[in-house]
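Next come the chains, spelled out residue by residue.
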Amino acid sequence: MSDTETASADEAEISASLTRYLHDKLKVEVAPDDDLFATGLANSMFAMELVVHLEQTFGVMIEGQDLKLDNFRSARSMAGLVTRLRS
Amino acid sequence: MSTGVTEETGERALIAGLVGDRPGVWDLAGEIPTAVLRELGRQGLLCAQVPERYTGRGYTSERNGELTAYVGSLCSSLRSVMTSQGMAAWTVQRLADAGQRQAYLPLLTGGKLAAVAFSETEAGSDLSAIGTRITEGGDEVVVDGAKVWVTGASYADLVLVVGRCTDGAGVVVVPADAPGVRIEKVADPLGCRAAGHASVRLDSVRLPSSALLGGGGQPLPLLVTTALAYGRMSVAWGCVGILRACLDAVTEHARTRYQSGRPLAEHQLVVRHLAELLVAEQSATRVSEHASRCWDGGAPDQVTATVLAKYLSSVHAVRGAASAVQVLASAGATDGHVVARAYRDAKLMEIIEGSSEICQLILGQHALSR
Ligand SMILES: Cc1cc2nc3c(=O)[nH]c(=O)nc-3n(C[C@H](O)[C@H](O)[C@H](O)COP(=O)(O)OP(=O)(O)OC[C@H]3O[C@@H](n4cnc5c(N)ncnc54)[C@H](O)[C@@H]3O)c2cc1C
């Protein structure tokens, strides 16, 4: 991904890309605000896969305080995290 | 990689020098001299993947894997301590904030020893049942709970304790000498006898809130999987080491021991054991290498690759060690002997960091979800 593309990929786009990824992986429709942990959609293996996916796809490092539950609850919250880490 | 053969030979010579021919004695005594562990720790060899900026060796997973296999071929107890130390360092790297990384990682490469405590009497395979509480209040945290079978805890200066926070879970770095901590060694473990397994009781242990990695509140499943990922990688390579030690012992014995006028190596039924051991050692090496390369390349499927490597390597190690004892027969049938240790040590590798059944569940799910 080039710098300009990276800069223009706003939060909504990231969220959309993440719901597609989640749909692809979980084989169910996932809305941007669905709570992955509360609904049991995400197991522990998948949680870590998500971290690696976010890091690789969006070129961020997710460590320490950013590994909070709130950051991973939904596609939208993950998009928020990525946007924040990139700025 | 710029790290040449020389450095590799150097670190192996150093380890060989510290370990010598004593793993058998350590096994019988149920203890490794702390001086040996501290020296390996100071050399950064117990957690060699710690980045250089934290005074670590900055090894890749693959390079650390080969190192782990080497240590595992000498002594699975020592390798277990290494697994715990590496898992502790990895957990700090992943969960800690910048200040905590700066505070703890140089300790872990500077001779301090660490263990990681997940399991409780009611929370073994099912870690969602963890009951240990981390209560946050003002500038301190209070830890209450009881952990069991914590590898390396009897040697540890620091125990990383996994517990529940108000929201989600957390890992607290507990000094072993903090008031309210009681560490009690497991008597007579089946294998890895000198790995310092112990139970850890925590009664109202008060620590500054800086001891709670990343401020806590991480999802328990994520936290557990993160830490275990390193442990699984390390166990996979450790089992490669067990298989290498067995292969060496068995080929040497088959060449030199004569029965019915021929070396054992000329009895076909014995040769089959050799062939199977070679296949086991090679298969375990290849899957572990693959998982390490996924890890080093940041591939999301590293998570599954790691479980697959741990599963296959430990299952092969159990089978391989059993056939090694078979071929050595009475020559390998005393405690402390390399194949006798392998036989007992390997079995435990099928239980820890996700038992074979738990690995099968994960891998089965993966097969279904493709
Ligand atoms: C040598 C050794 C070192 C250890 N080191 C550490 C350490 O450093 N830190 C730490 O926190 N813990 C450690 N442990 C504890 C270890 O993690 C647990 O023993 C392990 O998770 C299994 O839990 P359990 O013993 O309670 O067995 P259980 O969970 O009671 O399992 C018993 C049997 O049932 C099977 N089983 C359980 N649940 C399921 C299921 N859902 N589906 C199918 N089969 C199932 C298991 O595979 C096993 O065969 C260590 C244990 C050993 C033996």
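None of the values given here were measured: they were computed from a predicted structure. Chains are numbered independently. Their residues run from 1 in the order of the written sequence. Ligands are numbered from 1 and chains lettered from A, in the order in which they are written. In keeping with the predicted nature of the model, local features appear solely for residues at pLDDT of at least 70, side-chain atom pairs appear and are counted solely at 80 or more, and the whole-chain, interface and lining totals rest on all residues. Hydrogens and waters are ignored; side-chain quantities use all the structure's heavy atoms.

Caption draft 1: Molecular detail of the overall build of chain B. Helix numbering and strand numbering both begin at the N terminus, where a helix is a DSSP run of H or I of at least 4 residues and a strand a DSSP run of E of at least 2. Secondary structure summary: chain B contains 11 helices and nine strands in total. At 21 Å, chain B has a C-alpha radius of gyration in line with the 21 Å of a compact globule built from 370 residues. In terms of overall dimensions, chain B has C-alpha extents of about 80 × 50 × 45 Å along its principal axes. Exposure categories follow from relative accessible area, calculated using a 1.4 Å probe and restricted to protein chains: below 20% of the type maximum is buried, above 50% is exposed, and the middle band is partly exposed. Considering chain B as a whole, with its 370 residues, one finds that 57% of them fall into the buried category. To get the radius of gyration, use the C-alpha atoms; to get the globule rule, take the number of residues to the power 0.38 and multiply by 2.2 Å.

Caption draft 2: Up close: the nonpolar core. Grouped together as the largest cluster of nonpolar side chains are 126 residues, with contacts concentrated most on Leu22(A), Leu36(A), Phe72(A), Phe118(B), Val172(B), Leu207(B) and Leu213(B). Considering every element that reaches this core, the biggest residue donor is helix H7 (residues 220-256) of chain B, with 21 residues. With sequence-adjacent residues up to four places away left out, Val172(B) is seen in contact with Ile134(B), Val141(B), Val143(B), Val159(B), Leu160(B), Val161(B), Leu207(B), Ala211(B) and Leu212(B). Residue types Ala, Val, Leu, Ile, Met, Phe, Trp, Tyr and Cys, when buried and joined through side-chain atoms within 4.5 Å, form a set referred to as a nonpolar core. Counting 22 residues, the second-largest nonpolar core is a separate cluster that includes Ala48(B), Tyr59(B), Tyr70(B) and Val71(B). It only takes one pair of heavy atoms within 4.5 Å for two residues to be counted as in contact.

Caption draft 3: Quick look at the interface of chain B and chain A. Counting residues at the interface gives 31 residues for chain B, matched by 22 residues for chain A. Buried area is understood as the total, over both parts, of accessible area removed when two parts are fitted together, assessed with a 1.4 Å probe. Taken over both partners, the interface formed by chain B and chain A buries close to 2100 Å², and the fraction arising from carbon and sulfur atoms is 62%. By the criterion of area lost to chain A, the three top residues of chain B are Arg94(B), Leu222(B) and Pro300(B), representing 28% of everything that side buries. We define a salt bridge as a side-chain nitrogen of Lys or Arg found within 4 Å of a carboxyl oxygen belonging to Asp or Glu. When the shortest N-O distance is used, the salt bridge between Asp167(B) and Arg73(A) registers 3.7 Å.

Caption draft 4: The arrangement of the packing of helix H4 (residues 61-74) of chain B against H7(B) in detail. Residue and element names in this part refer to chain B. Each axis is a line fitted through C-alpha atoms, taken for helices only over the stretch in contact, and angles between the N-to-C directions span 0 to 180 degrees. Between H4 and H7, the least distance of the axes is 7 Å, while the angle of their chain directions is 45 degrees. When the axes of H4 and H7 are compared, the pair comes out oblique. The handedness of the crossing between H4 and H7 is right-handed. Mapping the contact onto sequence places Ser61, Glu62, Asn64, Gly65, Glu66, Thr68, Ala69, Gly72 and Ser73 in H4 and Tyr230, Met233, Ser234, Trp237, Gly238, Val240, Gly241, Ile242, Arg244 and Ala245 in H7. Classification convention: Asp, Glu, Lys, Arg as charged; Ala, Val, Leu, Ile, Met, Phe, Trp, Tyr, Cys, Pro as nonpolar; all other residues, Gly among them, as polar. A class-by-class count of the residues in the contact of H4 with H7 yields seven nonpolar, nine polar and three charged. Roughly parallel means an angle under 35 degrees; roughly antiparallel, over 145; roughly perpendicular, 65 to 115; everything else is oblique. Should the near helix be turned anticlockwise from the far one by less than a right angle, the crossing is termed left-handed; should it be turned clockwise, right-handed.

Caption draft 5: Quick look at the pairing of strand E5 (residues 169-175) of chain B. Burial runs high along E5(B): six of the seven residues are buried. Here the rule is simple: two strands pair whenever DSSP picks up at least two bridges between them. Counting the residues in the hairpin turn of strand E4 (residues 158-164) of chain B and E5(B) gives four residues, including Gly168(B), whose phi is positive at 70 degrees.

Caption draft 6: The UniProt feature "domain: Acyl-CoA dehydrogenase/oxidase C-terminal" (unreviewed entry) in chain B, seen in detail. UniProt positions are given in the numbering used here, feature names are shortened, and annotations may be inferred rather than shown by experiment. UniProt marks residues 224-366 of chain B with the feature "domain: Acyl-CoA dehydrogenase/oxidase C-terminal" (unreviewed entry), using the numbering shown here. Helix makes up 79% of residues 224-366 of chain B and strand makes up 3%, while its end C-alpha atoms are separated by 19 Å.

Caption draft 7: Up close: the domain arrangement of chain B. Residues and elements named next belong to chain B. When the domains of chain B are assigned, the result is domain 1 (1-113), domain 2 (115-218) and domain 3 (221-369). Between domain 1 and domain 3, the C-alpha centre-to-centre distance is 21 Å. Opposite the 26 residues of domain 1 that make contact, domain 3 presents 29 residues. Of the roughly 2300 Å² buried between domain 1 and domain 3 on both sides combined, carbon and sulfur atoms contribute 56%. Remark: the boundary between domain 1 and domain 3 carries three salt bridges. Where each domain starts and ends comes from a domain assignment, either automatic or drawn from a database.

Caption draft 8: Quick look at H7(B). Residues and elements named next belong to chain B. One fewer than the residue count of a helix, multiplied by 1.5 Å, yields its expected span. Taking 1.5 Å of rise per residue, 37 residues should cover 54 Å, and H7 covers 53 Å from first to last C-alpha, within 8% of that figure. The quantity called bend is, for any residue, the angle between two axes fitted respectively to the seven residues ending at it and the seven beginning at it. The sharpest bend along H7 measures roughly 25 degrees and falls at Leu228. Counted residue by residue, H7 has 30 buried out of 37 residues, so it is predominantly covered.

Caption draft 9: Structural detail: the site of the ligand. All names here are of chain B. Neighbouring the ligand are 18 residues; Phe118, Ser119, Ser125, Trp149 and Ser355 lie closest to it. In this structure, a nitrogen atom belonging to the ligand sits 2.7 Å away from a side-chain N or O atom of Thr151. Within the side chain of Ser355, one N or O atom sits 2.6 Å away from an oxygen atom of the ligand. Here the ligand loses 63% of its free accessible area of 960 Å² to cover by the protein chains. Looking at the shell around the ligand, the elements that each hand over two or more residues are strand E1 (114-117), strand E3 (140-150) and helix H11 (356-369). Class assignment for the residues of the shell around the ligand results in 11 nonpolar, six polar and one charged. Each of domain 2 (115-218) and domain 3 (221-369) accounts for three or more of the residues forming the shell around the ligand. Nearness is judged by heavy atoms alone; a residue qualifies as near a molecule or strand once a single heavy atom is within 4 Å of it. N or O atoms within 3.5 Å of each other form a polar contact, as long as, within protein, one can give a hydrogen and the other can take it, and as long as residues adjacent in sequence are counted only when both atoms are side-chain atoms. Residue burial considers only the protein chains on display, and all accessible areas are found by Shrake-Rupley using a 1.4 Å probe.

Caption draft 10: Examining the packing of aromatic side chains more closely. All names here are of chain B. Any two rings among Phe, Tyr and Trp, with Trp reduced to its six-membered ring, count as a pair given centres within 6.5 Å; such a pair is stacked if its planes are under 30 degrees apart, edge-to-face if over 60, and tilted if neither. Following the criterion strictly, the structure yields two aromatic pairs over all chains and no others. Both rings, one in Trp90 and one in Trp295, keep their centres 4.9 Å apart while their planes meet at 50 degrees; by these two values the pair is tilted. One end of the pair, Trp90, is in helix H5 (residues 76-95); the other, Trp295, is in helix H8 (residues 268-297), and 205 residues separate them in sequence. Grouping residues by exposure puts Trp90 and Trp295 together as buried.

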